[in-house]
Number of protein chains: 2
Amino acid sequence: MNPVSPFRQARALLFGAALVFAANAFAQSDPLPSWNDGTAKKAVVAFVQATTTQGSPQFVPPAERIATFDQDGTLWVEQPLYAQVMYCLDRVPALVKAKPELAKSEPFKTVLSGDRAAIARLSLPALEKILAATLTGMSVDEFNAEVTKWLAEAKDPRWKKPFTELTYLPMQEVLKYLRANGYKTYIVTGGGQDFVRTYSEATYGIPPEQVVGTAGGTKYGYGKDGKPFLTKEPRLLLNDDKAGKPEGIHLLIGRRPVAAFGNSAGDQQMLEYTKAGDGARLAMLVLHDDARREYAYGPAQGLPASKVGTFPPALYSQAQKQGWTVISMKNDWKRVFSFE
Amino acid sequence: MNPVSPFRQARALLFGAALVFAANAFAQSDPLPSWNDGTAKKAVVAFVQATTTQGSPQFVPPAERIATFDQDGTLWVEQPLYAQVMYCLDRVPALVKAKPELAKSEPFKTVLSGDRAAIARLSLPALEKILAATLTGMSVDEFNAEVTKWLAEAKDPRWKKPFTELTYLPMQEVLKYLRANGYKTYIVTGGGQDFVRTYSEATYGIPPEQVVGTAGGTKYGYGKDGKPFLTKEPRLLLNDDKAGKPEGIHLLIGRRPVAAFGNSAGDQQMLEYTKAGDGARLAMLVLHDDARREYAYGPAQGLPASKVGTFPPALYSQAQKQGWTVISMKNDWKRVFSFE
């Protein structure tokens, strides 16, 4: 046996341990690997450290760690149409089969024609009529089953992938990073609360009870077997958009969030409300400025006014004035999707 | 040194260890020490074991472990008046000071008179007028501060103790036992959601986001300092009683509970809805049959119809038919309050 061998062994062991240590330290120090180093990433990390380090002047007790996320355009792709609107359009044939009298009346006639240009031109009230007809009038269980079935089959027109795969990897990392630090993460969406709840747990790790969305009433009744069930009604209880977002947060959560993430004018009030609380607050806006990897429809893109609508220049100014952090998809995100 | 001494020491250590082991085993085997052995206690323990033991045919995944509790009469005393109604009556003088024109109009005039018999005779619409006037029209923060202040000072007329001390110890044990086994515990109350949320965490260990109650709308606006705030409006969004309970559960939780606890006709639909789900289900009704330690106003007390109203004989029959477990305060509870 070579007398230096034990020394070499020890050195090898130490070297190995150092590697493992370095790998762990790196993993610990980079909870957001899909983010480029920059203002946005730094803002998230600094916020989490300030609010979760015992003894920090900005420490937030675990019970008060509430973070709210808009969904469409903030957690997943919202172009060319909200996934929920595609669901509703896809439901029209089955709806007409059940109620044949609808085939001759607008806007169902246009949807059935398959004329994409005509469908794209449908007015907001026409669209609302389609949403009401396809999202209500059935039991909660039937609705959940229909949405689950649709999501398993439907594909996004550009990437030819299920919608639930079109979530932004950097935002998924933020969700996990916040949860690992004791934050309860909520979705606060203008979309349908029941719609989003069908996939929120599998897609984002967010349970249904942590989804706040536009919600209608339900009606309690009994089936032929005597078993009670709930029917979805067209009566609107909560329009969870713009001022409706803080109102919905109060109704379902009852606490002011400490952190909020959005991407459009519909998120303005949620971000203001979050930021207006005491202590450390994080308000972030996703800017869609990456036409190559996703879409560009932010204020700095020189797009026609119709496309800028969801993130008007006024919102950009407000972000700068009120200390909200703008996330540039193009510059802040190393990767956009997990399948890249 | 005595040669037997090490042996004695070892024996003493073993004996000590055995005592600690026995104490732990006892603590583990009796999560409900304030309950007498009987059908009700056995039902709770059997349900928890069946739904949380890996491999059990009735195993419920942690994410689906939702248990809902009515509050008034189920978790704390509801006689002679709901605490929230006492709060509203106590708020009338301050309300009239702010709006002197109310002093001459009913029902405020009667409340101000201090004539207890006349106040007790107020009609339901009169009471609703008082509730609307005292629970709305101020900011959410002002309301929380007022309720917190009142709860710190107000005393129950019989026990001369703060209302938050009049919770039932056996039910507090059930809450903790369920939570220790991965259940999320919710309050589902006909009382005001915002009212109960002010003390639910300190009193029951239930955070505000796990309180479902009767809820009005709020209105988002800006103060003189430009800061946004929410104002409580008289517009009713959710009447969380009877059929409103499952509707409220769907709106705020989005899952069917696995266990539910109530004490009155207002809880009938919540219990039915819970029990109608697949697998193991626990539905329990607290029967107030203990006039000495609390109150007796259940169906078996030979009380006048007016007193039986909250737990009519029909509900008792339904409990027996549908396999709900009736909890007799008199027979099932060793202790009622923690201060006994």
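Here's a quick rundown of the structure. (Residues numbered from 1 in each chain as written. Chains lettered and ligands numbered in written order. Predicted model: local features only at pLDDT ≥ 70, side-chain atom pairs only at ≥ 80, totals over all residues. Heavy atoms only, no water.)

1. Looking at the sheet that holds strand 5 (residues 259-262) of chain A
Residue and element names in this part refer to chain A.
- Pairing in this open sheet of 7 strands is mixed, and the strands run 4-3-2-1-5-6-7 from one edge to the other. Here the strands that pair on one side only, and so sit at the sheet edges, are strand 4 (228-238) and strand 7 (325-328). Neighbour-to-neighbour, the strand axes of the sheet open up by a mean angle of 35°, direction not taken into account.
- Pairing of strand 5 with strand 6 (residues 282-287), which is carried by 4 bridges, proceeds in the parallel orientation. Counterpart to Gly262 in the pairing with strand 6 is Leu285. (Pairing = 2+ DSSP bridges. Helix = DSSP H or I, 4+ residues; strand = E, 2+ residues; numbered from the N terminus. Axes fitted to C-alpha atoms, helices over the stretch in contact; angles between N-to-C directions.)

2. Digging into helix 12 (residues 268-275) of chain B
- The element helix 12 of chain B is extensively covered by neighbouring structure, given that 6 of its 8 residues are classed as buried.
- Where helix 12 of chain B is concerned, the buried positions are B:Gln269, B:Met270, B:Leu271, B:Glu272, B:Tyr273 and B:Thr274. (Buried < 20%, exposed > 50% of the residue type's maximum accessible area, 1.4 Å probe, protein only.)

3. Quick word on the packing of helix 3 (residues 83-98) of chain A against helix 6 (residues 124-135) of chain A
Residue and element names in this part refer to chain A.
- Packing of helix 3 against helix 6 leaves a shortest axis separation of 9 Å and a crossing angle of 65°. On the basis of the axis angle, helix 3 is roughly perpendicular to helix 6. The handedness of the crossing between helix 3 and helix 6 comes out as left-handed. Contact residues: Gln84, Val85, Tyr87, Cys88, Leu89, Arg91, Val92 and Leu95 in helix 3; Leu127, Ile130, Leu131, Ala133, Thr134 and Leu135 in helix 6.
- Class assignment of the residues belonging to the contact of helix 3 with helix 6 gives a composition of 11 nonpolar, 2 polar and 1 charged. (Parallel < 35°, antiparallel > 145°, perpendicular 65-115°, else oblique. Left-handed = near helix turned anticlockwise from the far one by under 90°. Contact = heavy atoms within 4.5 Å. Nonpolar A, V, L, I, M, F, W, Y, C, P; charged D, E, K, R; others polar.)

4. Some remarks on the sheet that holds strand 6 (residues 282-287) of chain B
Residues and elements named next belong to chain B.
- Strand order in the open sheet formed by 7 strands is 4-3-2-1-5-6-7, and the pairing between neighbours is mixed. Because the sheet does not close on itself, it has two edges, and the strands there are strand 4 (228-238) and strand 7 (325-328). Averaged over all adjacent pairs, the angle separating strand axes in this sheet is 35°, with direction ignored.
- Both strand 3 (residues 211-222) and strand 4 contribute to a ladder of 7 bridges, which runs antiparallel. Of the residues in strand 4, the one forming a bridge with Gly221 is Phe229.
- Packing against the sheet, helix 2 (residues 39-52) makes contact with strand 5 (259-262), strand 6 and strand 7, and its axis sits at approximately 155° to strand 6.

5. Focus on the packing of aromatic side chains
- What the rule picks out here adds up to 32 aromatic pairs over all chains.
- Seen from their ring centres, A:Phe47 and A:Tyr183 are 5.8 Å apart, and the 40° between their planes marks the pair as tilted. Taken as a pair, A:Phe47 in helix 2 (residues 39-52) and A:Tyr183 in the loop between helix 8 (169-180) and strand 2 (184-192) lie far apart in primary sequence, 136 residues in all.
- You can call A:Tyr183 buried: its relative accessible area is 4%.
- On the numbers, 5.9 Å between centres and 75° between planes, the contact of B:Trp35 with B:Trp333 is edge-to-face. Residue B:Trp35 is found in the loop between helix 1 (5-29) and helix 2, and its partner B:Trp333 is found in the segment after helix 15 (329-332); the two are separated by 298 residues along the sequence.
- Given a relative accessible area of 0%, B:Trp35 falls into the buried group.
- In textbook terms, an aromatic cluster arises when at least three aromatic residues are bridged by ring pairs, as seen for A:Trp35, A:Trp159, A:Tyr168, A:Tyr295, A:Trp333, A:Phe337 and A:Phe339. (Phe/Tyr/Trp six-rings, centres within 6.5 Å; stacked < 30°, edge-to-face > 60°.)

6. Remarks on the side chain of A:Gln269
- Considering the arrangement of structural elements, one finds A:Gln269 in helix 12 (residues 268-275).
- Those residues in contact with A:Gln269, other than ones at most four positions away along the chain, are A:Lys242, A:Ala243, A:Pro246, B:Tyr220 and B:Tyr222.

7. Looking at helix 11 (residues 244-252) of chain B
- Burial analysis of helix 11 of chain B places 9 of its 9 residues in the buried class, the great majority of the element.
- Burial in helix 11 of chain B covers these residues: B:Gly244, B:Lys245, B:Pro246, B:Glu247, B:Gly248, B:Ile249, B:His250, B:Leu251 and B:Leu252.

8. Digging into the interface of chain B and chain A
- At the interface, 38 residues of chain B touch 38 residues of chain A.
- Counting the surface chain B buries against chain A, the share from its top three residues, B:Glu209, B:Tyr220 and B:Leu251, is 21%.
- Put simply, chain B and chain A have 6 salt bridges between them.
- Remark: the boundary between chain B and chain A carries 24 residue pairs in polar contact (both at pLDDT 80 or more).
- For the side of chain B that touches chain A, the elements supplying multiple residues, two or more each, are helix 7 (140-153), strand 2 (184-192), helix 9 (193-197), strand 3, strand 4, helix 11 and helix 12 of chain B.
- Here the side of chain B that touches chain A is built from residues that sort into 19 nonpolar, 7 polar and 12 charged. (Buried area = accessible area lost by both parts, 1.4 Å probe. Salt bridge = Lys/Arg side-chain N within 4 Å of Asp/Glu carboxyl O. Polar contact = N/O pair within 3.5 Å; in protein donor to acceptor, adjacent residues only side chain to side chain.)

Bear in mind that shape data such as this cannot, by itself, settle questions of function.
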